[in-house]
Amino acid sequence: MAVYVNQIQQLFTLETKNSTYQMGVHPTGVLLHYYYGRKTGRESLDYLYECYDVGFSGNPDEAGTDRTFSLDTAPQEYSGSCVGDYRLNSIGVRNADGTGAVDLRFISYEQSKGKYGRKGMPAVYGSEKDADSLVLHLKDKATCLAVDLWYSVWEDYDLITRAVTVRNETGRTLHLTKAASMLLDILYGDWEILHFHGRHCMERQPERVVLPHGRMAFESNRGTSSHQHNPFVVLCDRRTQEDFGECIGVGLLYSGNFSIQTEKDQLNRIRLVAGIQEKDFDFVLEPGEEFETPEAVMVYSGDGFTPMSQKLHRLVREHICRGKYKLARRPVLINNWEATYFDFNEEKILDIAKGAAELGVEMLVLDDGWFGKRDADNSGLGDWIVNTGKLKGGLKPLAEKINALGLKFGLWFEPEMVSEDSDLYRAHPDWAVQIPGRKPCRGRFQLVLDMTRKDVRDYLFDMMCAVLDEANIEYVKWDMNRSVCDAYSALLPPERQGEFYHRYVLGVYELYERLIARYPDILWEGCSGGGGRFDLGQLYYTPQIWCSDDTDAIERLKIQYGTSFAYPISTVGSHVSASPNHQTGRSTPFETRGIVAMAGTFGYELDLNLLSDEEKGRVTGQIERFKKYYDVIHFGDYYRLTDPFENELFTAWEYVSRDKGEALVHIVSTHVLANTPQFGLRFKGLQEEAQYEVQVWTDGKIVKNQKAKVLSGAVLMHAGIVVPAVWGDYKCSEIYLKRRDCACEPEK
Ligand code: GLA
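Residues numbered from 1 in each chain as written. Predicted model: local features only at pLDDT ≥ 70, side-chain atom pairs only at ≥ 80, totals over all residues. Heavy atoms only, no water.

*Asks:* Explanation requested: the domain arrangement of the chain in the structure shown.
*Replies:* Frequently, the measure chosen for interface size is the accessible area that the parts lose on association. Per the domain assignment, the segments making up the chain are domain 1 (3-320), domain 2 (333-546) and domain 3 (639-739). Every contact between the two is made by 10 residues of domain 1 and, on the other side, 5 residues of domain 3. The junction of domain 1 with domain 3 conceals about 640 Å² of combined surface from both sides, 39% of it contributed by carbon and sulfur atoms. Linking domain 1 with domain 3 are 2 salt bridges, by the criterion used here. Linking domain 1 with domain 3 are 3 residue pairs in polar contact (both at pLDDT 80 or more), by the criterion used here. Only β12 (202-210) and α1 (305-320) provide two or more residues apiece to the side of domain 1 that touches domain 3. Element by element, the count of residues in the side of domain 1 that touches domain 3 is highest for α1, at 6 residues. Its residues assigned to classes, the side of domain 1 that touches domain 3 comprises 2 nonpolar, 4 polar and 4 charged. (Domains from an automatic or database assignment. Contact = heavy atoms within 4.5 Å. Buried area = accessible area lost by both parts, 1.4 Å probe. Salt bridge = Lys/Arg side-chain N within 4 Å of Asp/Glu carboxyl O. Polar contact = N/O pair within 3.5 Å; in protein donor to acceptor, adjacent residues only side chain to side chain. Helix = DSSP H or I, 4+ residues; strand = E, 2+ residues; numbered from the N terminus. Nonpolar A, V, L, I, M, F, W, Y, C, P; charged D, E, K, R; others polar.)

*Asks:* Looking at this model, I keep getting lost on the sheet that holds strand β4 (residues 31-38). Mind explaining?
*Replies:* Within the open sheet, the 4 strands sit side by side as β1-β2-β3-β4. Their pairing is antiparallel. Across the chains shown, the open sheet's two edge strands, defined by having one partner strand only, are β1 (3-6) and β4. Pairs of neighbouring strands in the sheet enclose a mean axial angle of 15 degrees, with direction left out of account. Examined bridge by bridge, β1 and strand β2 (residues 11-15) share 4 bridges and lie antiparallel to one another. Following the sheet pairing, Tyr-4 is matched in β2 by Thr-13. (Pairing = 2+ DSSP bridges. Axes fitted to C-alpha atoms, helices over the stretch in contact; angles between N-to-C directions.)

*Asks:* Can you walk me through the site of the ligand in this structure?
*Replies:* Close contacts around the ligand come from 13 residues, with Asp-367, Asp-368, Lys-477, Gly-530 and Asp-549 the closest. Separating an oxygen atom of the ligand from a side-chain N or O atom of Asp-549 is a distance of 2.5 Å. Protein contact buries 96% of the 300 Å² of open area that the ligand shows by itself. By residue class, the composition of the shell around the ligand is 4 nonpolar, 3 polar and 6 charged. (Near = heavy atom within 4 Å. Areas by Shrake-Rupley, 256 points an atom, 1.4 Å probe, with all protein chains shown as cover.)

As C-alpha cells, then:
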C-alpha cells in the first residue's frame, strides 16, 4: 500500500520507499498541499502551513471574518483562476458568461490498485502490484465544472505520476484555455532549477539557475517538444550534487507544445506548474465532454541526482517503453545517411551492406531518399512509393539481398510532412497546414501535413502499410524535420482552431498506435532532426530516439550527458560516424567514436568500405564488445562520473550491472596536457567487500603490466584509480571490472 487516507483528518499521504507526499482538505474545501520530501511517516504535516494575514492577499467568502486564509498564500494541489490566487494558475477557462473564474473545492476521493490510463495518449503502465492510485474529485460550486486529480504511486521507484481530467458539467459550452497536468507548491527551502535547453545539433544542455522571484518558463510552441527546451526539469536544493541533496525530477509524457513554469512568490514559496502550453491552446468542451491532460511524473531523491536519474531510467525501461525491443537486444546497425546522403542506388547500398556484414553489423537502415522524386530535400515527401530510378527492382529484392547477407533491413519515413513538389501535394494541397489567405512558412523546403485529420492519417497508414507489407522491413525510423506553425485545420470550425496543436499530437499518437499494433515486431526509432522530439511520451511508442544530428563524439559527450538526467542509455540513438566529422570537421580516434556510440543504441553511419584494415578490425572488436557489455550498458545503473561542462580535461561515465557483478568505465580525454599531472577517478555503485578483477584498456588495447589486478569495491570506490595518461587528441580508456565470483567472462 502506498496511498493512505485519513478520513477524519481528510488527509491524503502518498508514500514511496524514500519519500512522502501529503495533502489535506482545508475547512473551506480547498485542497492544500503540505509536504513533498524525504519520508516522514503519515502524521499530519498541516502545521507546516501557518495562516497569517498577508496584506493585499484577500480572503474567500468561506473564511468569513478570518483574514488569515487566502488562496493567494495557501499551498495548493491545483490552483484556480481569477478568484484571488494571483500566482500561476493550473486551469484556465472562458465560461459561457465570458468570465475566466474557476474556484475548486474538494468533493470526494476514490482509491484503486494499479494504474489509471490516458485515452489516446502515452501513460506509464503497470499491474496492480506495481502501483496504487488515488483520484480526488474537485468541483467549482458556482459553475459545476469538475476536475479530477489522478495520482499513481510507484513505491519502488520513488515516483508519483499525475494527470488531470476536466469535465464540463456546467450545462453550457466552455472554452478550456489551460489545463496543467500538475502543480507543485513548496513551502520552504533554497530551490534551484536544472533545465535542459538547446538547438538543432546541440540538444539538452543542462543549465542550473537559482529560482528568482517572479516567473520563469521552459516551454515549446513549435508543435513538438523541441530541440530548444525539454519537457523535463529538476527542482533541486542549492547544495544538491550527484550523490548528495534533495531533488525532484518533473517530466511530461507529451511530445507537443508544453510549458513548465515556476514562480517564487512574495513569501518566497515555490510553485511549479507543468502541462500543455497555454499559448495557442483553446479547447471547446460541450456540456458533458471531458478533457484529459497528458501525464506528468515526479521522481524524488534525497541523495542527489544519480539516484533520481537511475529511478527514472528504470521506470522508462520497464513501464514506459513497450514492445519486443523493450527487452530484446537491439541489432547493431549501419545507416547510410552520412555515408551517401541522397546520392545512392541499389548497388551502392548493397556495397555498404556487404562491407558492414563482413565486419559483424546486423542491420542496414536505408535513410532518406528511397521514395518519390527525392534527390534533394526539396521534393518527394508524401509520396511513399519506392523510387525505382534509384532502386531498380524496388524494395523487396533489395531487402532480400540484404537479408541474404545476414542483415536485417530498416527504412526511414517522415510521415508528417509533404513537399510542394510531390504528387501528394498536387492532389491534396489542402492537407498541408496553412492559414487561408496566407502563404505558409516553409521549413527545410517542406510543409506539415494536417495530422488532426483522419483522412490524412488513413492515407499515411495505407501508404506505410503498403511499403511495410511489400518487403521484410524490421526497423522504421520516423523522422519529423521542421517546427510547426501556421496552425489551422480546414476541418475545424473557427472556434475550435485553438485545438489544433493538441489534436496534431493526438493524431501522431493515433497513427503510431495503429502501426505498432499491426507491426509489433518492428523496431521503431523516433527522430526529429535528431533529438527535437526526445521526450517521455515519444518513448511509449519508440523505445529509442535518434539523439542528435550532431554525430561528433566530443560534442556528443555533452549532449548525452544532458540527456542522461532523464533518459536511459537504451533510448539514446548513437552512431559512429566519419572523421573528420561532417558537422564540426573535428578528427576523433575511431575507438573514442566507438565508446561514445556505445553509450546508446550503437551503430555506424559511414561507409565502412572506406576504412583502413586496422580500422575495420576495430569495428569488429567494438561490435563484439558492445554485445558482450550489452546487459551492463542497457540494463545496468548509469553513473555520470564527471561533468563535461566543468571538467575540461576528460569526461567519464560508468555502467554497473544490477547485481554489481560487472562494471564498465569509459573515459574520453577532451584536452591533453604536456607534462601532465595525474588525475584520480572513483568508481561508484560497487559492493564494498567484493573483490573485482580490473582490466584497463587505452585506445582499444589492453594495458599490459597493470600494477593492480584485483581490488576491493571499497578501494575502487574510495581510493579510486589513476586515469590512464594518453597522448594525442581525444583518446579514450576503458576499465572493466568483474567481481571474482561473477559468472561473466572478462575479455582475454
Ligand atoms: C534528419 C535526421 C537525420 C537524417 C535526415 C534525412 O535530419 O535526424 O538522421 O535522417 O533527417 O533527411
